[in-house]
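Each chain, letter by letter, is given below.
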Amino acid sequence: MSVIIKIKDQDYFSFEEFAKNIYMYPDESYKLINSRKFLLMLKKENEAMYNSIIELRKSEIQEGAFIFKAQYVFCPLMELKYYKVKYFTPEELGKRILNGAPRIDIYIQELIKYKLISYYMKLQGLDKLEPGFYKKIIDLEESFSYNEIRTYFKMGFILSKSKEIVYRRRKYSDVKAFFDVILSPAIITSFASDFEKDQYLFAWLEILGYEKEIIKFDAIISSVEEWEEK
Amino acid sequence: MKKEDKLLFLSELVGYDTSSFVETKKDEFLSNGVMVDIEKILHEEKRSTAFKYQMLLSEYEELKKTDIDSMEKFIISTGKANNILSSFKNKKYLNPLFSSYEGDYLLSNITVIFDGKEIFLGDIVLKEDYSDSYKIDCVKQYVINWYREIKDNFIFPLEKMVVYPKNLPKRKLIPNAKIIYGIVLLIVNATLLYTFVSNDVHFYNALHNDFSDPYFSIPYIIYCYLVFACDLLFIYSLLRRYMYVKRYLEGHDLLFKNSYIISKKLDVSSARLYKDILNCIVNKTELTSEISKYSKLGLEYKAYLYMKSIDEKKSLRVDTLFAYEIVFLQLIFIFLIYFIFYIVLFL
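Residues numbered from 1 in each chain as written. Chains lettered and ligands numbered in written order. Predicted model: local features only at pLDDT ≥ 70, side-chain atom pairs only at ≥ 80, totals over all residues. Heavy atoms only, no water.

Draft legend 1. Summary view of the pattern of salt bridges. Applying the stated criterion across every chain yields a total of 34 salt bridges over all chains. One salt bridge connects Lys-58 of chain A with Glu-55 of chain A, and the closest N-O pair in it is separated by 3.9 Å. Residue Lys-58 of chain A and its partner Glu-55 of chain A are both found in helix 4 (residues 47-59); the two are separated by three residues, about one turn of the helix. The two residues Lys-58 of chain A and Glu-55 of chain A agree in class, both being exposed. Of the charged contacts, one joins Glu-325 of chain B and Lys-178 of chain B as a salt bridge, the two residues approaching to 2.8 Å between their closest N and O atoms. One end of the pair, Glu-325 of chain B, is in helix 13 (residues 322-346); the other, Lys-178 of chain B, is in helix 8 (residues 176-197), and 147 residues separate them in sequence. According to the relative accessible area criterion, Glu-325 of chain B is buried, its value standing at 0%. By sharing partners, the salt bridges in this structure join Arg-150, Lys-154, Glu-206, Glu-211 and Asp-218 of chain A into a single network. (Salt bridge = Lys/Arg side-chain N within 4 Å of Asp/Glu carboxyl O. Helix = DSSP H or I, 4+ residues; strand = E, 2+ residues; numbered from the N terminus. Buried < 20%, exposed > 50% of the residue type's maximum accessible area, 1.4 Å probe, protein only.)

Draft legend 2. Focus on the nonpolar core. Counting residues in each nonpolar core, the largest one holds 150 residues, and the members touching the most others are Ile-33, Phe-74, Phe-179 and Leu-201 of chain A together with Leu-7, Phe-88 and Phe-154 of chain B. The biggest single contributor to this core is helix 7 (residues 132-163) of chain B, with ten residues. In contact with Phe-88 of chain B, other than residues within four places in its own chain, are Ile-38, Ile-41, Leu-42, Tyr-53, Leu-56, Leu-57 and Tyr-93 of chain B. Core analysis: the second largest hydrophobic core is formed by 19 residues, Val-188, Phe-203, Phe-216 and Cys-224 of chain B among them. (Core = buried A, V, L, I, M, F, W, Y, C linked by side-chain atoms within 4.5 Å. Contact = heavy atoms within 4.5 Å.)

Draft legend 3. A nonpolar patch on the surface, seen in detail. Together, Phe-333, Ile-337, Ile-340, Phe-341, Val-344, Leu-345 and Phe-346 of chain B make up an exposed nonpolar region whose accessible area comes to about 780 Å². Position of Val-344 of chain B relative to the elements: it lies in helix 13. (Patch = residues over 30% accessible without salt bridge, like charges linked within 9 Å, V, L, I, M, F, W, Y side chains within 5 Å. Areas by Shrake-Rupley, 256 points an atom, 1.4 Å probe, with all protein chains shown as cover.)

Draft legend 4. Seen up close, the interface of chain A and chain B. With 28 residues of chain A in contact, the opposing surface of chain B contributes 23 residues. Both sides together, the interface formed by chain A and chain B hides about 2400 Å², and carbon and sulfur atoms give 74% of it. Along the contact surface separating chain A from chain B lie three salt bridges. In this structure, the salt-bridge partner of Glu-225 of chain A is Lys-6 of chain B, at a minimum N-O distance of 2.5 Å. In this assembly, chain A and chain B are joined by five residue pairs in polar contact (both at pLDDT 80 or more). If you list the elements that add at least two residues to the side of chain A that touches chain B, you get helix 12 (175-182), helix 13 (188-198), helix 14 (200-207) and helix 15 (211-229) of chain A. Here the side of chain A that touches chain B gets ten residues from one element, more than from any other, and that element is helix 15 of chain A. The residue makeup of the side of chain A that touches chain B, split by class, is 18 nonpolar, two polar and eight charged. (Buried area = accessible area lost by both parts, 1.4 Å probe. Polar contact = N/O pair within 3.5 Å; in protein donor to acceptor, adjacent residues only side chain to side chain. Nonpolar A, V, L, I, M, F, W, Y, C, P; charged D, E, K, R; others polar.)

Draft legend 5. Structural view of the pairing of strand 2 (residues 117-120) of chain B. Residue and element names in this part refer to chain B. Taken together, the four bridges between strand 1 (residues 111-114) and strand 2 define a ladder with antiparallel strand orientation. Within the sheet, the bridge partner assigned to Ile-113 lies in strand 2 and is Glu-118. A loop of two residues connects strand 1 with strand 2, the two strands running antiparallel in sequence, and Asp-115 in this loop sits at a positive phi of about 55°. (Pairing = 2+ DSSP bridges.)

In structure tokens:
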């Protein structure tokens, strides 16, 4: 097989090699893969891969999701890679989410939104190895549209298998200890100003099993706010 | 709602002990702007007889009694207070078919829910991005609800009272007992007048402060004052009776003889209200009528409330003074008997 794939000033001599670097040049790779010249070459060199890419073109609309899945067509056994970042394990992805909290990484958010984490896990056989864990990921991805930010942080807790919240560089696994800190007179006002917008605290409490309480909180607060708006 | 309060509420829900925070919330709830504003409105404005107004008032009274012992209660009570205040401020309780003090209120200013949002009735008529049929359906539902509210809270209970007035007493303006009493008092006054004009020396001396015969003079003077007091009491009780029984009889006649007409009045008002709003929607003209054009049952409802209070008390006590009148009359008779014996024995 004599393949030369050029991206920017880089040359790749196999599809596998190309696939391992797609994440570094997502926009350029997207244009290249969808070009007629590339598709003709792919069809000639590896019809199976060509068919997979054609199927992907028919189903995937979003550019990032297409590129993510395409890289695994060319090289199925690879770490999780997306938009210039590589994660050796899903756990590492989870830690990255939590380390950045309460800020959101929009590319990681895309992974959740387009259900790419579960796609990757299935590809790697993790759906059979850890079916319970895989189901949790599927469920979370399904619930993304109901509350994007909360789902994002819940994904972080589940992927990293952590039940600790980090606040001002300290870790808390106990609800009482955490609230003792944030409800103190010096901190309560500043924490309260953003806690609803951040959703980080809600995600942590749900992971600890307080889902019913959060649902009750949301219901009562939305009713009361509706009264106040009138 | 303060964000700190939300955070405290969340912490309480997940089991954190917020009792120290709740202590300060108790006072904050009663002295906060919302409760104070509600009190102000209730004191400054005339109380409406609208059914929803009474419900809001009851809700408010219940709210005042709420024991704030948790953040949840604080948040919910504050929300309820805001809702009540908004309802009072914007007169959301108004039913245009039934308003006693708000007659000059414009129909177009009544608040309704349209497409999930609060809006003035007048604004629905002028909305351009909705079809006429959609607006008509919304308005029709409101007219039906207003009509039903009056039917359920006034017409049906009134009809029940008319059919079965078990606790409503029969009353005459002036009963026979009062007439007999009056005649007796007249005779007593006539005999007293006779003693004033007679030439009898005993009466003359007593009237001119000559107490040479104290066993006659002093009782006679007391007797005069007693008759005078009895006269005043009789006149006062007569006037009082007249006032209450007249009101009762008028209310009784208004409702019992006219209950069918009252129901008809409501039907006519509702039809007129619906027609007027419909015309404005179809012709794209403004709603300019006042509520008084449709609200025609104020007098009847007041009479009904009065009759209802009598029905609930199971009596119409108007002659509460009659017992005193009887006592006075008995005292007069005692004195009369004394004079008769005195005259027979000593004079």
